[in-house]
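# Geometric and topological summary
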Amino acid sequence: MFCFQCQEAAKGTGCTLRGVCGKPADVANLQDLLIYSLKGISFYNNRARELGIDTKKADRLIVEGLFMTITNANFDKARFVARIKDALKLRDEVKESVVKVGGSISDITHDAATWFSDSEELFEEKSRYVGVLATENEDVRSLRELLIYGLKGMAAYAEHALNLGYEDDGVYTFIGKALVATTDNTLSADELVALVMECGKYGVDVMALLDKANTSTYGHPEITSVNIGVKNNPAILVSGHDLKDFEQLLEQTEGTGVDVYTHGEMLPAHYYPSFKKHSHFVGNYGNAWWKQDKEFDSFNGPILLTTNCLVPPKDSYRDRVYTTGAVGFEGLTHIVPDANGEKDFSQIIEHAKKCASPIEIETGEIVGGFAHNTVLSLADKVVDAVKSGAIKRFFVMAGCDGRMKSRDYYTEFAKTLPQDTVILTAGCAKYKYNKLELGDIGGIPRVLDAGQCNDSYSLAVIALKLKEVFELNDINELPISYNIAWYEQKAVIVLLALLYLGVKNIHLGPTLPAFLSANVAKVLVDTFGIGGITNVEDDMKMFMGA
Ligand code: SF4
Ligand code: SF3
């Protein structure tokens, strides 16, 4: 295996024996083979699209397949074997549909589009030769993988939107085009860089689509105080990002005597009007994903993982963890939808009834719900505070949290920020500072949480609105600094989206991605002023222009 897609890649270069995340080598290889199979389908599916054939079936399989390979989503070998079989079968169906309408496929000769096997042993054999290292040139490899990781993040958001009935053909078209482009040895580095930038455009589009899906379905997030203590009823903990799953679970638990709590990236569910009305929706339990090994233990009840981030479960709570959607882990119960797309969570609810109520690990409240609609409704107040000098600078500290001790930097950074600064956050990075008492500026909290990582879109909308209000020509003239923490591939698409919107001088930490070759990193530094982080003191001086 060779995997370097996340921030915790072994030795800062790549995992080769087993993932730091716990991903076994055979699963890593099969993930590579699944991506390869999705490239294969895309050759024909792109042609089918040109011919006006309905491509939705393959588009959806491609999106789900990409999502399954995101860090900490799926560790289940059998699921990858089955999905590769599905992909090969569908590849042939799409090919036939093209031929049937007289389309030419004689130019489609790449091995990804032509290889075939239906045996698991041969999959494993094949999977060893189609991974990241199959591209020898380090810079081409870096650009191809940067693009693929952007697509993985894009696919995750596209899947959530799809689950709410929202799709964007432009996004699907780009994913297909980009997948095929990563097999094209004739493309120059400049052409690949252009595709990476275009990926950012579709990153903005997919986040806008998901924002529309979420807010049209559940209402606009509102300022909300979220309880972080517990009640005395048995309960279910929901983690991951999928709001449709969350809605179904919340409805099915109504009146059962079982409470519902959020964990990690599901915290922003509390901000939506549709969910807030349920009295058995009690609070948020715990912190970001990587603390689940302790927090799932003390929760006592069953846990539903709707997306990443799943940590290989400990024996002490393994029998209480359920997965759904793109998530998987051998031996855990996986909930699948029925023919109408509805999921039956009764098994989890019955399980909860037999469990003790959660052990309280903290008490108090955290405040969030500062997505674009709320912040723009406060725009006058915010603009006045900036004009009067009460707010000197905003810090976008969105992104991911992770295990590494070096991420304590973000807690220290938040604590050290001057009192006249405001943090704009989204994603699980917030857990590094959302329980600190950072106060407010004239009633505006100093940490404004927009929501999940995809709600970084809200932060961009807010920035663009401020640019308009202050009549600036360039988004970079705003008093906003970007100090972003990344871990997995959703952060990659968020980053590419910000670059597409013209944001410069983004600082990325705790380390720069292992998949950026020296030359590709140089392009990002020279063109966009991307930088890493050093230490709180020096970075604070740099950001505050001292
Ligand atoms: Fe390693 Fe990250 Fe890949 Fe897991 S996802 S194998 S930790 S690089
Ligand atoms: Fe977090 Fe995994 Fe990335 Fe959605 S849940 S931000 S790390």
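Rules and cut-offs
- Residue positions are counted from 1 within each chain, in the order its sequence is given.
- Chains and ligands are labelled by the order in which they are written, letters from A for the one and numbers from 1 for the other.
- Selection of residues for local features in this predicted model requires a pLDDT of at least 70, selection of side-chain atom pairs for listing and counting requires 80 or more, and totals for whole chains, interfaces and linings are taken over all residues.
- Calculated side-chain values reflect all of the structure's heavy atoms, with hydrogen atoms and water omitted.
- Helical segments are the DSSP runs of H or I of at least four residues, strand segments are the runs of E of at least two, and each set is numbered from the N terminus.
- Within these notes, the globule rule equals 2.2 Å times the number of residues to the 0.38 power, and the radius of gyration is based on C-alpha atoms.
- For the exposure calls, accessible area comes from a 1.4 Å probe over protein chains only, and a residue counts as buried if that area is under 20% of its type's maximum, exposed if over 50%, partly exposed in between.
- The nearness test applies per residue and asks whether one of its heavy atoms lies within 4 Å of the molecule or strand.
- Polar here means any residue other than Ala, Val, Leu, Ile, Met, Phe, Trp, Tyr, Cys and Pro, which are nonpolar, and Asp, Glu, Lys and Arg, which are charged; Gly is therefore polar.
- Among the buried residues, those of types Ala, Val, Leu, Ile, Met, Phe, Trp, Tyr and Cys that are joined through side-chain atoms within 4.5 Å form a nonpolar core.
- By definition in these notes, contact holds between two residues if any of their heavy atoms fall within 4.5 Å.
- In short, DSSP must find at least two bridges between two strands for them to pair.
- The axes used here are C-alpha line fits, helices contributing only the stretch in contact, and every angle between their N-to-C directions lies in the interval 0 to 180 degrees.
- UniProt positions are given in the numbering used here, feature names are shortened, and annotations may be inferred rather than shown by experiment.
- Site definitions follow a grid-based scheme: protein atoms alone, a 1 Å grid, a 1.4 Å probe that fits but cannot get out for cavities, and for pockets an open set with protein on both sides within 12 Å along at least five of seven lines, plus lining residues having an atom within 4 Å of a point.
- Grid points are joined across faces, edges and corners, and a volume is the space filled by probe spheres set on the points.
- Put simply, a salt bridge is a Lys or Arg side-chain nitrogen that is within 4 Å of an Asp or Glu carboxyl oxygen.
- Our angle categories are set so that under 35 degrees counts as roughly parallel, over 145 as roughly antiparallel, 65 to 115 as roughly perpendicular, and the remainder as oblique.
- By the definition used in this description, the sense in which the near helix is turned from the far one sets the handedness, with an anticlockwise turn below a right angle giving left-handed and a clockwise turn giving right-handed.

## Looking at the overall build of the protein
- The secondary structure content of the protein amounts to 19 helices and 15 strands.
- By the compact-globule yardstick of 24 Å for 546 residues, the protein fits well, its C-alpha radius of gyration being 23 Å.
- With the C-alpha coordinates aligned to their principal axes, the bounding extent of the protein is approximately 65 × 60 × 45 Å.
- Looking at the protein residue by residue over its 546 residues, the buried ones come to 60%.

## Side note on the site of ligand 1
- Around ligand 1 sit M1, C3, F4, Q5, C6, A9, C15, G19, V20, C21, K23 and T71, and those are all the residues in its vicinity.
- A per-class count over the shell around ligand 1 returns eight nonpolar, three polar and one charged.

## Looking at the nonpolar core
- Grouped together as the largest cluster of nonpolar side chains are 159 residues, with contacts concentrated most on L151 and M154.
- With 14 residues, helix α6 (residues 138-163) is the single largest residue contributor to this core.
- Discounting residues that sit within four places of it in the chain, L151 has contacts with L66, F174, I175, A178, L179 and C199.

## Quick notes on the sheet that holds strand β13 (residues 447-449)
- Spatial strand order, β13-β10-β9-β14-β15: five strands in an open sheet with parallel pairing. Each having just a single partner strand, β13 and β15 (507-509) make up the two edges of the open sheet. In this sheet, neighbouring strand axes are inclined to one another by 20 degrees on average, regardless of whether the strands run parallel or antiparallel.
- Relative to β15, strand β14 (residues 480-485) runs parallel, the two sharing three bridges. Bridge assignment links A485 to a residue of β15, and that residue is G509.

## Remarks on the UniProt feature "binding site: hybrid [4Fe-2O-2S] cluster" (unreviewed entry) in the protein
- In the numbering used here, UniProt assigns the feature "binding site: hybrid [4Fe-2O-2S] cluster" (unreviewed entry) to H241, E265, C309, C400, C428, C453, E488 and K490. Judged by maximum C-alpha separation, these annotated positions cover 250 residues in sequence but sit close together in space, the widest gap being only 13.8 Å.
- By the secondary structure assignment, C400 is in the loop between β9 (393-396) and α15 (408-416).
- Beyond its immediate stretch of four places on either side in the chain, C400 contacts R407, C428, A429, A485, W486, Y487, E488 and A491.
- Secondary-structure assignment places C428 in the loop between β10 (421-425) and β11 (440-441).
- Every residue in contact with C428, bar those within four places of it in the chain, is listed here: E265, A288, W289, G399, C400 and D401.

## Things to note about the site of ligand 2
- Taken together, H241, E265, W289, N308, C309, G399, C400, C428, C453, Y487 and E488 make up all the residues around ligand 2.
- Across the shell around ligand 2, the residue classes tally to six nonpolar, three polar and two charged.

## A look at the layout of surface pockets
- Approximately 560 Å³ is the volume found for the largest pocket.
- Taken together, 25 residues form the lining of the largest pocket, with E64, E159, N163, P337 and K343 sitting closest to its centre.
- Looking at the lining of the largest pocket, the elements that each hand over two or more residues are α2 (56-68), α3 (77-100), α6, α9 (243-253) and β7 (333-335).
- Along the lines of polarity and charge, the residues of the lining of the largest pocket split into seven nonpolar, nine polar and nine charged.

## Overview of the pattern of salt bridges
- Throughout the structure, instances matching the rule amount to 32 salt bridges.
- Two residues, D408 and K405, come together in a salt bridge whose shortest N-O distance is 2.4 Å.
- Using a relative accessible area of 66% as the deciding quantity, one classes K405 as exposed.
- Among the salt bridges present, the one from E468 reaches K465, with a minimum N-O distance of 3.4 Å.

## Overview of the packing of α2 against α3
- Running from amino to carboxyl end, α2 crosses α3 at an angle of 155 degrees, the nearest separation of the two axes being 11 Å. The angle between α2 and α3 falls in the class roughly antiparallel. Judged by the sense of rotation from one axis to the other, the crossing of α2 with α3 is left-handed. Taking contact as the criterion, the partners of K57, A58, L61, E64, G65 and M68 in α2 are, on α3, R79, F80, R83, D86, A87, L90, E93 and V94.
- Looking at side-chain class alone, the contact of α2 with α3 contains seven nonpolar, one polar and six charged residues.

## Remarks on unusual backbone geometry
- Of the consecutive residues N308 and C309, the connecting peptide bond is found in the cis state with omega at 15 degrees.
- Examined against the element boundaries, C309 turns out to sit in the loop between β5 (303-305) and β6 (321-324).
- Look at the link from G509 to P510: it is a cis peptide, with omega at 5 degrees.
- Considering the arrangement of structural elements, one finds P510 in the loop between β15 and α18 (518-528).
- For K11, which is not glycine, the phi dihedral falls at a positive 55 degrees.
- The residue K11 is located in the segment before α1 (25-50) in this model.
- Given the relative accessible area of 84%, K11 is considered exposed.
- A positive phi angle, close to 55 degrees, is found at E471, a residue other than glycine.

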